[in-house]
Amino acid sequence: MSKLKIGDTEFATKAPKDRDERVLAATGHSVEELRTGIMARMLSGTVAAVLHIHLPDDAPSVAELATAIAADPTAAAQVAALLGPEPAPATGAAA
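Residues numbered from 1 in each chain as written. Predicted model: local features only at pLDDT ≥ 70, side-chain atom pairs only at ≥ 80, totals over all residues. Heavy atoms only, no water.

Asks: I'd like to hear about a nonpolar patch on the surface, residue by residue, with values.
Replies: A surface patch of nonpolar side chains, about 280 Å² in accessible area, is lined by Leu4, Ile6 and Phe11. Relative to the assigned elements, Leu4 resides in strand S1 (residues 2–6). (Patch = residues over 30% accessible without salt bridge, like charges linked within 9 Å, V, L, I, M, F, W, Y side chains within 5 Å. Areas by Shrake-Rupley, 256 points an atom, 1.4 Å probe, with all protein chains shown as cover. Salt bridge = Lys/Arg side-chain N within 4 Å of Asp/Glu carboxyl O. Helix = DSSP H or I, 4+ residues; strand = E, 2+ residues; numbered from the N terminus.)

If you want it as structure tokens, here you go:
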């Protein structure tokens with residue numbers, strides 16, 4: 001058994017033995033689809049906002065980008081690369 005806190009309420013939780021079947025029946029999605037989808041949707045808006053500032057003025061909206069990002073498991077890493085370390089300042093005279 002584990003605990004989950006939402007707002008001010010703490011819930012004791014346990015996975016039923018038939019969890020996967022019950023999740024599929026309740027949602028129409030497998031546990032893995034939901035796990036991936038929940039994380040993707042949670043982050044996609046933030047990732048889209050970061051990406052949007054790097055795009056030209058005629059780029060899709062943040063909402064449109066978020067939808068595309070949620071469907072692409074590689075998108076967040078690609079956008080994170082945009083925030084990579086700044087190049088070191090040049091030192092010395094150029095040759």
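Asks: Describe the pairing of strand S2 (residues 9–13), naming the residues involved and giving the relevant values.
Replies: Pairing analysis gives five bridges linking S1 to S2, with the strands arranged antiparallel. Residue pairing across strands places Leu4 opposite Phe11, the latter belonging to S2. Hairpin connection between S1 and S2: a loop of two residues separates the two successive antiparallel strands, and Gly7 in this loop has a positive phi of roughly 65°. (Pairing = 2+ DSSP bridges.)

Asks: With reference to specific residues and values, describe the environment of Val47.
Replies: Take Val47: it is sitting in helix H2 (residues 31–52). Between the C-alpha atom of Val47 and that of Leu65, which follows or precedes it by 18 residues, the distance is 8.7 Å. Each residue touching Val47, except ones within four places of it in the same chain, is listed here: Ile69, Ala76 and Val79. (Contact = heavy atoms within 4.5 Å.)

Asks: Can you tell me about helix H3 (residues 62–70), naming the residues and giving the values?
Replies: Turning to H3, its buried residues are Leu65, Ala66 and Ile69. Projected onto a plane normal to the axis of H3, the buried residues spread over an arc of 105° and lie on a single side. Every exposed residue of H3 that faces more than 90 degrees away from the buried side is listed here: Ala63, Glu64 and Thr67. (Buried < 20%, exposed > 50% of the residue type's maximum accessible area, 1.4 Å probe, protein only. Arc of directions from axis to C-beta.)

Asks: Before we move on, could you go through the pattern of salt bridges and cite the residues and values that matter?
Replies: A full pass over the atoms with the stated rule returns three salt bridges. Residue Glu10 is joined to Lys3 by a salt bridge in which the shortest nitrogen-to-oxygen separation is 3.7 Å. Among the residues examined, Lys3 registers a relative accessible area of 63% and is labelled exposed. The shortest N-O distance in the salt bridge between Arg19 and Asp20 comes to 3.0 Å.

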